[in-house]
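# A look at the structure
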Amino acid sequence: MFARILTGALLTAAATLALAPTASADPTPDWNTFYDKTANFVAPFDPGAFGDKGDRALVLSPYGTGRVIECKGDGHYVAVYCRQFDDQGREHAITQIISAPFRGVYVYNPF
C-alpha cells in the first residue's frame, strides 16, 4: 500500500516538473554596453514636455531627441554615461547637471 502511494506521488511530481514552463527572464544587461535610451528623454520645447512626458529627463541639445541618445551604466556599479553624435559622426557627452529628487536635466557638451 505504502509503495503504491509513494510511486503515485513520485509519478505526479515527475509529471509536474516535466510539464512546468521554464523561466524566460531577460538576461542581465551589460552595463558597459551602450543602449538606446532616447525614449527616456524629452526636449524642453517638445509637446508634452511638462505634461504627459513629464516623467522623462530633460535634454538640452541642439538635436533634441531627434538623434539617438545612448547611455551605459547603472549608476551604482558603473557610472552612467550618455552620448549623442553630431552631423559629422563625432561623439558628444550628454552630461547630467540636475538629478534626484528633482527631474533629471542633461546638457549636450559641444566639445
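Bear in mind the structure is a predicted one, so any value in this text is a computation, not a measurement. (Residues numbered from 1 in each chain as written. Predicted model: local features only at pLDDT ≥ 70, side-chain atom pairs only at ≥ 80, totals over all residues. Heavy atoms only, no water.)

This next bit is on the nonpolar core. Core analysis: the largest hydrophobic core is formed by 9 residues, namely Phe41, Ala57, Val59, Ile69, Cys71, Cys82, Ile94, Tyr106 and Tyr108. Of all elements in the fold, only β3 (57-60) and β7 (105-108) reach the threshold of two or more residues within this core. Contact partners of Phe41, with chain neighbours within four places excluded, come to Arg56, Ala57, Val59, Thr65, Ile69, Cys71, Cys82 and Tyr106. (Core = buried A, V, L, I, M, F, W, Y, C linked by side-chain atoms within 4.5 Å. Buried < 20%, exposed > 50% of the residue type's maximum accessible area, 1.4 Å probe, protein only. Helix = DSSP H or I, 4+ residues; strand = E, 2+ residues; numbered from the N terminus. Contact = heavy atoms within 4.5 Å.)

With that settled, the discussion passes to the state of the cysteines. Working definition of a disulfide: a covalent bond connecting the sulfur atoms of two cysteines. Counted according to the given criterion, the structure contains 1 disulfide. Note that Cys71 is cross-linked by a disulfide to Cys82, the S-S spacing being 2.0 Å. Its S-S torsion of approximately 105° makes the covalent link between Cys71 and Cys82 right-handed. Pair noted here: Cys71 is in strand β4 (residues 70-72) and Cys82 is in strand β5 (residues 81-85), with a separation of 11 residues, a long-range link. Given the relative accessible area of 2%, Cys82 is considered buried. (Disulfide = S-S within 2.5 Å.)

Two elements, β5 and strand β6 (residues 91-98), share 4 bridges in a ladder whose sense is antiparallel. In the strand pairing of β6, Arg83 is matched with Ala93. The loop that links β5 with its antiparallel partner β6 comprises 5 residues; one of these, Gly89, has a positive phi angle of about 85°. Sheet topology places β6 next to β7; 4 bridges connect them, and they run antiparallel. Counterpart to Ile94 in the pairing with β7 is Tyr108. (Pairing = 2+ DSSP bridges.)

Now for the pattern of salt bridges. Per the stated rule, a full pass over the model turns up 4 salt bridges. Here Asp87 and Arg67 are joined by a salt bridge, their closest N and O atoms 2.2 Å apart. Note that Asp87 is positioned in the loop between β5 and β6 and Arg67 in the loop between β3 and β4, a separation of 20 residues in sequence. Among the residues examined, Arg67 registers a relative accessible area of 27% and is labelled partly exposed. In this structure, the salt-bridge partner of Arg83 is Glu70, at a minimum N-O distance of 2.7 Å. Taken as a pair, Arg83 in strand β5 and Glu70 in strand β4 lie far apart in primary sequence, 13 residues in all. (Salt bridge = Lys/Arg side-chain N within 4 Å of Asp/Glu carboxyl O.)

That's the geometry; what it means functionally is another story.
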